[in-house]
Each structure stands twice: as structure tokens, then as C-alpha cells.
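# Coordinates in review
Single-letter residue listing:
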Amino acid sequence: MNYDRKQIRILHTSDIHLGEYGTANNCEFDGRAHRALKAMVDFSIQAKTDLVIIAGDLFDHNRVDDMTLEFALFELCRAAVPVLILPGNHDCLVSDSVYRRVCFSKLAPYVRVFAAPEGEKYSFPDLDLAIWGKPIVSYGGDIRPLADTPPRGQEKWQIAVAHGYYVGSQPPSLDSFQINEMEILTSHRDYIALGHVPVFRQVCN
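All of the points below concern the structure found in this document. (Residues numbered from 1 in each chain as written. Predicted model: local features only at pLDDT ≥ 70, side-chain atom pairs only at ≥ 80, totals over all residues. Heavy atoms only, no water.)

Right, let's get into unusual backbone geometry. The general pattern is negative phi for most residues beyond glycine and trans for most peptide bonds. One non-glycine residue with positive phi stands out, namely Asp-57, at about 60 degrees. Among the secondary structure elements, Asp-57 is positioned in the loop between β2 (51-54) and α2 (66-79). The backbone phi angle of Ala-80 is positive, close to 60 degrees, even though this residue is not glycine. Mapped onto the fold, Ala-80 is located in the loop between α2 and β3 (83-85). (Helix = DSSP H or I, 4+ residues; strand = E, 2+ residues; numbered from the N terminus.)

This brings us to the nonpolar core. Within the largest apolar cluster, 28 residues are counted, with the highest numbers of intra-cluster contacts made by Leu-18, Leu-37, Leu-58, Phe-59, Ile-85, Tyr-99 and Phe-104. Residue assignment for this core shows that the elements contributing at least two residues are α1 (32-47), β2, α2, β3, α3 (98-101) and β4 (111-113). In terms of residue count, the dominant contributor to this core is α2 (six residues). Apart from the residues lying within four places of it in its own chain, the contact partners of Leu-18 are Ala-33, His-34, Leu-37, Leu-58, Phe-59, Asp-60, Val-64, Thr-68, Phe-71 and Ala-72. With 14 residues, the next largest nonpolar core counts Ala-55, Leu-86, Leu-127 and Ile-159 among its residues. (Core = buried A, V, L, I, M, F, W, Y, C linked by side-chain atoms within 4.5 Å. Buried < 20%, exposed > 50% of the residue type's maximum accessible area, 1.4 Å probe, protein only. Contact = heavy atoms within 4.5 Å.)

Here is the structure:
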């Protein structure tokens, strides 16, 4: 074992829902979601995290106004570490998605958005880390967020990001966004950053 290896510190969150209670023009600019994003970035800086994962629904919908979008970009830049964003079911990657309105990586150099419908991987050689995620690309249908996860790569640490409901091994009562136990086990990832249900829960050992 290499005891000289740097510890990796990752902040994982989801479902901030910027724009949920209105727009900046009707006095909601300092609302709950805005405070949540600012607090998240403050904590990331204080904790000296190496990377931030937002596992879906950073925005409440794809029609957020420009001021809300500018606020998000400003805060994400302030983090000053890589920020990986997975489009969720509210801010899904449709033709008029908020993530297609601007190029996040140009306006916020540390930010990366999972944009390949089949899923894509981001590698961080300095951390010996790879992160794979598959964005939600429609508002409904038979969507399986963790299906077809590729094999582990060469990096020591392997993480997957998914936005959906964990249904375990029981027959699901939900039509879409299902993540079952077998998909988690066969992903062979060291950690899976889940979103969609905004409560802390360890769903699988």
C-alpha cells in the first residue's frame, strides 16, 4: 500500500433546485436554493475539498432566468476546484436545456457537465480518480440512470453519478428513474453519488 498517497476529499450533493420559488426579479434571489448553493461552496472551501459532485437538479427547471444562471456560475467559479454536474429530471438535457444555453466550461473553467446521452467519464490523474455519469435526457419514459455502466478504468478510485430512485431488490412501484441493487453491485465502483431523493441515506453496502 502506498501510504504517501494524498487523501481525496469529495463533496457530494444534489437537488439544490435553483429557481424553484421564482426568479431574481421577484425578490427570490436570496431564497432557499440560493442560500443552499452559497453555503455548499462556502463549506467546500472551508473543508478544502478536491472536487464537488452535484448529482442532478442543480436547477429546478430549464427556464431559469439569466440572473439565476449568472449567480450559479459565479458561485461554482468561487469553489475553485473541479465541479461535476449531472443533469437531473428537472434540468434534464433536452434541446432547450439550461446546460445548452451557455458553455459552462468556458464561463466557469472548473465546471464540467455530463452531456453524453450514453454516459461519459471524467478523469483526474492527479487524484488517480475517474468519475462516470449518465445525464437524464428527457422528462419521462423508461429511464435507467445507472444502466450500462462501463467497466472500471485504470484509475485507483472509481465513482459513478446517478439521478434516480433506489428500489433495492424489490419490484419497483415507480415507472422511471429506477436504480436497483444489482446495478449498484455490478458497477464495481468505490462510491456512487446518488441524487433525486434529497435526504441522506446509505442505500447499499
